[in-house]
Amino acid sequence: MGRENVVQYTFRMNSDYFTYSILRFRPSQITNECVNVGVLLFFPEYNAFEFVYPSHLQRLKALFPELDTRSIQAYLKQIMHNASVAPKLPHATLSEIIDQHILKADDSSLQFSELATCLSYTQDTEKIVKDFYAEYLSAYDPQGNTTKRFDDAFLKHTFYKRIKERADLFVKFERNYTIETSTIPISFDFAWQNGSLNLIKSASFDLKEAGSIQDKAIGIYGSLNLLRETPIAHKLHFDLLIAEPTQKGLSSSFDNGLKTIEKADVSLNFVYKDKIIEYADHALAYLDKD
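Residues numbered from 1 in each chain as written. Predicted model: local features only at pLDDT ≥ 70, side-chain atom pairs only at ≥ 80, totals over all residues. Heavy atoms only, no water.

Trainee: So what exactly am I meant to see when it comes to the overall build of the protein chain here?
Mentor: Helix and strand content of the protein chain: 10 helices and 10 strands. Relative to the 2.2 N^0.38 estimate, which gives 19 Å for 290 residues, the radius of gyration of the protein chain is 20 Å and therefore close to what a compact globule would have. For the C-alpha atoms alone, the extent of the protein chain along its principal axes is close to 55 × 45 × 40 Å. Looking at the protein chain as a whole, 45% of its 290 residues are labelled buried. Once local pairs closer than 6 in sequence are excluded, the contacts in the protein chain between residues at least 24 apart make up 68%. Just so you have it, the protein chain exposes about 15,100 Å², and 49% of that area is on carbon and sulfur atoms. Between the mean site of the 32 positive side-chain charges and the mean site of the 38 negative ones, the protein chain shows a separation of 2 Å. (Helix = DSSP H or I, 4+ residues; strand = E, 2+ residues; numbered from the N terminus. Rg over C-alpha atoms; globule rule 2.2 N^0.38 Å. Buried < 20%, exposed > 50% of the residue type's maximum accessible area, 1.4 Å probe, protein only. Contact = heavy atoms within 4.5 Å. Areas by Shrake-Rupley, 256 points an atom, 1.4 Å probe, with all protein chains shown as cover. Lys, Arg positive; Asp, Glu negative; His and termini not counted. Charge placed at Lys NZ, Arg CZ, Asp CG, Glu CD.)

Trainee: Is there a simple way to explain unusual backbone geometry in this structure?
Mentor: Even without being glycine, Asn176 reaches a positive phi, approximately 55°. Residue position: Asn176 is located in strand β6 (residues 174-180).

Trainee: In this structure, what is going on with the packing of aromatic side chains? I would like to understand it.
Mentor: In this description, an aromatic ring pair is defined by two values, namely the gap between the centres and the angle between the planes. Considering all chains together, one arrives at 20 aromatic pairs under this definition. Ring pairing ties together the aromatic residues Phe159, Phe173, Phe190, Trp192, Tyr279 and Tyr286, which thus form one cluster. Against the face of Phe188 rests Lys201, its NZ or CZ located 5.7 Å from the ring centre. Sitting over the ring of Phe205, Lys216 keeps its end group 5.9 Å from the ring centre. (Phe/Tyr/Trp six-rings, centres within 6.5 Å; stacked < 30°, edge-to-face > 60°. Lys NZ or Arg CZ within 6 Å of the ring centre and 35° of its normal.)

Trainee: I would appreciate a short explanation of helix α10 (residues 276-289) in the present structure.
Mentor: Because an α-helix packs 3.6 residues into every turn, residues spaced three or four apart end up facing the same way. Across its 14 residues, α10 extends 20 Å between first and last C-alpha, which sits within 8% of the 20 Å expected from 1.5 Å per residue. All of the buried residues along α10 are Ile276, Tyr279, Ala280, Ala283, Leu284 and Leu287. Down the axis of α10, the buried side of the element spans an arc of 135°, and every buried residue falls inside it. More than 90 degrees from the buried face of α10, the exposed residues found are Glu278 and Lys289. Among the structural elements, α6 (152-163), α7 (167-170), β7 (185-193), β8 (197-204), β9 (236-243) and β10 (268-272) are those in contact with the buried residues of α10. (Expected span 1.5 Å × (residues − 1). Arc of directions from axis to C-beta.)

Trainee: Help me understand the side chain of Ser21 in this model?
Mentor: With respect to the helices and strands, Ser21 occurs in strand β1 (residues 17-25). Take Ser21: its relative accessible area is 0%, and that puts it in the buried class. Setting aside anything within four residues of it in sequence, one finds Ser21 in contact with Gly38, Val39, Leu40, Phe112, Ser113, Glu114 and Leu115.

Trainee: Would you mind showing me how to read the pattern of salt bridges here?
Mentor: It is possible for side chains bearing opposite charge to pair when their charged atoms get close. Under the counting rule described, the total for this entry stands at 12 salt bridges. Arg166 is the salt-bridge partner of Asp168, the closest N and O atoms lying 2.9 Å from each other. Using a relative accessible area of 29% as the deciding quantity, one classes Arg166 as partly exposed. Counted as one network, the salt bridges with shared partners bring together Arg162, Glu165 and Asp281. (Salt bridge = Lys/Arg side-chain N within 4 Å of Asp/Glu carboxyl O.)

Trainee: What's the story with the confidence of the model for the protein chain in this structure? I'm lost.
Mentor: Detailed reading of the predicted model is not advised wherever pLDDT is low. On average, residues of the protein chain score 85 in pLDDT, and 90% of them are at 70 or above. The secondary structure element of the protein chain with the lowest average pLDDT is helix α1 (residues 3-7), at 30, and the one with the highest is β10, at 96. Contacts for the low-pLDDT stretch residues 1-14, under 50 throughout, to residues beyond four places or in other chains number 39 contacts. (pLDDT = per-residue confidence, 0-100.)

Trainee: Whenever I open this one, the sheet that holds β7 confuses me. Can you help?
Mentor: What the 5 strands build is an open sheet, ordered β6-β7-β8-β9-β10; its pairing is mixed. Only two strands of the sheet have a single neighbouring strand rather than two, namely β6 and β10. Going from strand to strand, the sheet's axes swing by 40° on average, the running direction of each strand aside. Strand direction decides the pairing type here: β9 and β10, joined by 5 bridges, are parallel. (Pairing = 2+ DSSP bridges. Axes fitted to C-alpha atoms, helices over the stretch in contact; angles between N-to-C directions.)

Trainee: Looking at this structure, how should I read the packing of α6 against α10?
Mentor: Pairs of packed helices are described in terms of their axes, by the angle between the two and the distance that separates them. Between α6 and α10, whose axes approach to 9 Å, the crossing angle comes to 40°. It follows from the interaxial angle that α6 and α10 lie oblique. For the pair α6 and α10, the sense of crossing is right-handed. On α10, the residues touching Leu155, Thr158, Phe159, Arg162 and Ile163 of α6 are Ile276, Ile277, Tyr279, Ala280, Asp281 and Leu284. Looking at the contact of α6 with α10 residue by residue, the classes come out as 8 nonpolar, 1 polar and 2 charged. (Parallel < 35°, antiparallel > 145°, perpendicular 65-115°, else oblique. Left-handed = near helix turned anticlockwise from the far one by under 90°. Nonpolar A, V, L, I, M, F, W, Y, C, P; charged D, E, K, R; others polar.)

Trainee: Explanation requested: the pairing of strand β3 (residues 48-52) in the structure shown.
Mentor: A regular strand places its side chains on the two faces of the sheet in alternate fashion. Of all 5 residues in β3, 5 are buried, a share of seventy percent or more. Side-chain alternation along β3 places Ala48, Glu50 and Val52 on one buried face and Phe49 and Phe51 on a second face that is also buried. Pairing of strand β2 (residues 35-43) with β3, which is carried by 5 bridges, proceeds in the antiparallel orientation. Pairing of Phe43 across the sheet is with Ala48, part of β3. Hairpin connection from β2 to β3: 4 residues lie between these consecutive antiparallel strands, with Asn47 at a positive phi of about 50°.

If you want it as structure tokens, here you go:
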């Protein structure tokens, strides 16, 4: 139903259009009541998915007091990850990719709407993402405040927006670069070459709890150690895009988190959020001479 007849032409590399689908929480198939909880967008010009969702689900909890919103939040986080690494198969429709790699279209409580195609009103995809967040998800923010935290998506978009200004060099950056390890595949936001393979990953620590900062740091440390065992480890350099916590009282946890990551025996650099543009310009300048 629906999805296929919209999707077929969105794979044309045409910047005039983008495609989107609304993720809805439907607690009962009988009542068919549903609430928007996320937006998935596909930009054919960059052959890339973007998924955005609210950081807090108080509205959902108010509507359904018995609901465990923590599990929903975990699903949303997984969907965002799936969207960032979903393979862009040239002979598959978008609905097939979504169903097979992002969220299966079954009878679960989280379901994507039919895909719709929209005329691009700006080349700034970050603005489109923010506008769709404001349109469909702003009810989750206090007083309609749609200001986002400095999360992973913010860091990634800051870098992405800068490098795409150079269309001639943008093609030299590979998005959603994945390396297979002995146990799990590990993905990075971008990769580019300058003698070594520079792998870029957003690593925001703008979180609300010290435990969350510690858990994220340990996860990154573990991933880097796994990559250290790969045959191409000596060719890899890691650039982590970093955001500090904005909540007071977490500076010590943040510093300890970075110290944990630094213990990984790899070539590593921290790029703080106010230096991302400078780092992007450095990469572009190098590639422009290459």
